[in-house]
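Summary of the model geometry
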Amino acid sequence: MYKLLPRDIYLGKIRKFIDDKNVKAITGIRRSGKSELLKLVKKEILEKTTENNIIYINFESSEFYDLKTYVELNSYIKKLMTNKEKYYVFLDEIQHVENWEKAVNSLRLENTDIYITGSNSKLLYGQFASLLSGRYVSFEVSTLSFKEFINFRKENNFKSPSDINEYIKIGGFPIFSTTEYDSSQISVLLNDLQRSIAIGDIVTQYKITNISLLERLILFVYNNIGNIFSLRKISSFLSSNNKENVNIEKIGEYLTYLENIYIIKKVQRYDIKGKKVLETNCKYYLADHSLQYSLSNFQKTNLPGILENIVFNELIRRGYKVYIGKLNERDNREIDFVAEKQNSQERIYIQVCKEFNSAKTIDREFNVLADIKDSFPKYVVTLDELYQETKGGIKSIHLKDFLLSDEF
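Residues numbered from 1 in each chain as written. Predicted model: local features only at pLDDT ≥ 70, side-chain atom pairs only at ≥ 80, totals over all residues. Heavy atoms only, no water.

1. Structural notes on the packing of aromatic side chains
Applying the stated criterion to the full structure yields 23 aromatic pairs. Considering the side-chain rings of F149 and Y167, the 5.1 Å spacing of their centres and the 65 degrees angle between planes classify their relative orientation as edge-to-face. Placement of F149 in helix α6 (residues 146-155) and of Y167 in helix α7 (residues 164-170) is noted, with a sequence separation of 18 residues between them. A relative accessible area of 0% places F149 in the buried class. Of the residues examined, Y167 reaches a relative accessible area of 3% and is grouped as buried. With a centroid separation of 5.8 Å and an interplanar angle of 25 degrees, the aromatic rings of F229 and Y284 are classed as stacked. (Phe/Tyr/Trp six-rings, centres within 6.5 Å; stacked < 30°, edge-to-face > 60°. Helix = DSSP H or I, 4+ residues; strand = E, 2+ residues; numbered from the N terminus. Buried < 20%, exposed > 50% of the residue type's maximum accessible area, 1.4 Å probe, protein only.)

Right, dumping it as C-alpha cells:
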C-alpha cells in the first residue's frame, strides 16, 4: 500500500479557501492525482470535524453509478445532511452527472463547503460558469514535478534510481512513483493510459466517429513536440500521408478536444520587441512528456522536445504564463520560452539545449538571449554536465538544478 503524500504546491493554495463559501474546483488530466489531493484535503478537514459531516462521492465508483442526474444527486446528498453542522462535500469526477452544476449551486446555498474534481476544462464553462459566476475558485493539478518524483519514490522505498535521467524516461504520473514497475509494465500501463484518456474520453464526451483521424493527429502532435506548426501544415501532412483531404476545421476541433481533456497545451508566440501575442502558428506541449512514449517509445532523437516539455510544465506548475518568443518582426530567431508571472512584472527568458557540442551551439543559444535588451533573468537549461557557465549575465544551468530551484 502506497503512502498518501502531501502535494504542498496545491494544498497550500486550497488550504486558504477551506470553509470559504466559494466552490473549490480541482481540474487536470486523468491520473494526475486529483482524487488523492481531494483525500488530502479531507484529511486536513477531519481535524476540525467528524466523518459524519463529510460526504465523499467518487462518481467512477460503481457504488454511485445510479446518481446520473442533478436531481438524484441533490436528493441523495440532502438526505445525508441530518444536522445543522457544516457539511464538507467532496464530488470526485463530477462530470459523469448530467447537469451536475445545478445540484452544486443548490447545495452551495446550504451550510456546506464544496469541493469538486473533473478531467475536462469545460467543467468550468457553460452552465457552471453562469450559475456560479464569481462563486468558485479553480486549481489545475499537473503530474509530479521532479522534486515530487524524488520524494514520492523515496517515501515508497523504490529500489530504482530517482535521478533526472529516470524522470526523463518515466515521467510524472503518480502511479509510476507510488508502485514500482519494470520497464515492460510501464510501457503497457502508459499505452492503456494514453488510449483511455486521448481516445476513450474524447470519443465518449464528443461522440466523434473518425477515430482513425484522431489517432493520426495525436501521433503527429506527439512526434512534433517543440516544433512550430499551423493547422494548415497538420492538414497538409495528414492528407499527403493518407491520400485523403483532411479538413482544417476538423483538425482545429480535435485539437480543442485534446486541450479540453488537458492532454495538450497550446502555446502562442510572442513578439518581444512589439510586446504582442502573435495569432499565427504555435506549439503544443503534453501534460506529461511520458505520454509520447506510449506511441513512440523513448527515442534519443526526440530528447530536445522532451526537455522543452519538462521545462514548460515546470513553468506552468509554478504559475507562469508561457509564450514562445520571437525577437521582433524582422528577426525570426526563436526564444524557447518567455515566461511571465501572472499579475506581476516578473519575467524570465529560457533557452533549452540538450548539450553544448560546439562553439556554434553555444553562440546560438546565448546570443539570441543577449540580443534581448532588458534586465529580466535569462537562462540556458541543459543536460550538459561539463558546461555550467554564466556568459554576459546569461546563466547556463543543468536541468536537474533548474527543476529543484526554489526560485528562478
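2. Overview of the pattern of salt bridges
This structure, assessed with the given rule, holds 29 salt bridges. R30 is the partner of D201 in a salt bridge, and the nearest nitrogen-oxygen pair spans 2.6 Å. Here the residue D201 occupies a position in helix α9 (residues 183-206), and R30 occupies one in the loop between β1 (23-27) and α2 (34-45), the gap between them amounting to 171 residues. We classify D201 as buried; its relative accessible area is 10%. One network of salt bridges, in which partners are shared, links D19, K48 and K86. (Salt bridge = Lys/Arg side-chain N within 4 Å of Asp/Glu carboxyl O.)

3. Regarding empty space enclosed by the protein
This structure, assessed with the given rule, holds one cavity of 30 Å³ or more. Volume-wise, the largest cavity comes out at about 30 Å³. The element contributing the most residues to the lining of the largest cavity is helix α14 (residues 303-317), with three residues. Across the lining of the largest cavity, the residue classes break down as two nonpolar, three polar and two charged. (1 Å grid on protein atoms, 1.4 Å probe; cavity = no way out; pocket = protein on both sides within 12 Å on 5 of 7 lines; lining within 4 Å. Points joined across faces, edges and corners; volume = space filled by probe spheres on them. Nonpolar A, V, L, I, M, F, W, Y, C, P; charged D, E, K, R; others polar.)

4. Focus: the pairing of strand β11 (residues 378-382)
Counting buried positions over the five residues of β11 gives five, a clear majority of the element. What you see with β11 is no split at all: K378, V380 and T382 on one side and Y379 and V381 on the other are buried throughout. Pairing between strand β10 (residues 347-353) and β11: five bridges, direction parallel. Looking across to β11, one finds that C353 is bridged to T382. For the handedness criterion, the β-α-β arrangement of β10, helix α15 (residues 359-370) and β11 is classed as right-handed. Across four bridges, β11 lies against strand β13 (residues 394-398) in parallel orientation. (Pairing = 2+ DSSP bridges. Right-handed = clockwise from strand over helix to strand, strands pointing away.)

5. What to know about the sheet that holds strand β8 (residues 320-326)
Ordered by their spatial adjacency, eight strands build an open sheet running β7-β6-β8-β9-β10-β11-β13-β12, and the pairing between neighbours is mixed. Bordering the open sheet on either side are β7 (276-286) and β12 (390-391), each of which pairs with just one other strand. Contacting β6 (264-271) and β7, helix α12 (residues 248-260) crosses the sheet at an angle of about 110 degrees to β6. (Contact = heavy atoms within 4.5 Å. Axes fitted to C-alpha atoms, helices over the stretch in contact; angles between N-to-C directions.)

6. Quick notes on the nonpolar core
Side chains of nonpolar character tend, in soluble globular proteins, to be buried together. In this structure, I168, I263, L315, F337, I350 and L399 are the most contacted members of the largest nonpolar core, which totals 71 residues. With residues up to four places along the chain from it excluded, the contact list for L399 reads I164, I168, L307, I310, V311, V381, T382 and L383. Within the second largest apolar cluster, 25 residues are counted, among which are F64, I77, V89 and L123. (Core = buried A, V, L, I, M, F, W, Y, C linked by side-chain atoms within 4.5 Å.)

7. What about the pairing of strand β5 (residues 136-140)?
Covered by surrounding structure in β5 are V137 and F139 only, the residues Y136, S138 and E140 on the alternate face being uncovered. Pairing geometry for β1 and β5, over five bridges, is parallel. Considered in β5, the bridge of V23 is made with Y136.

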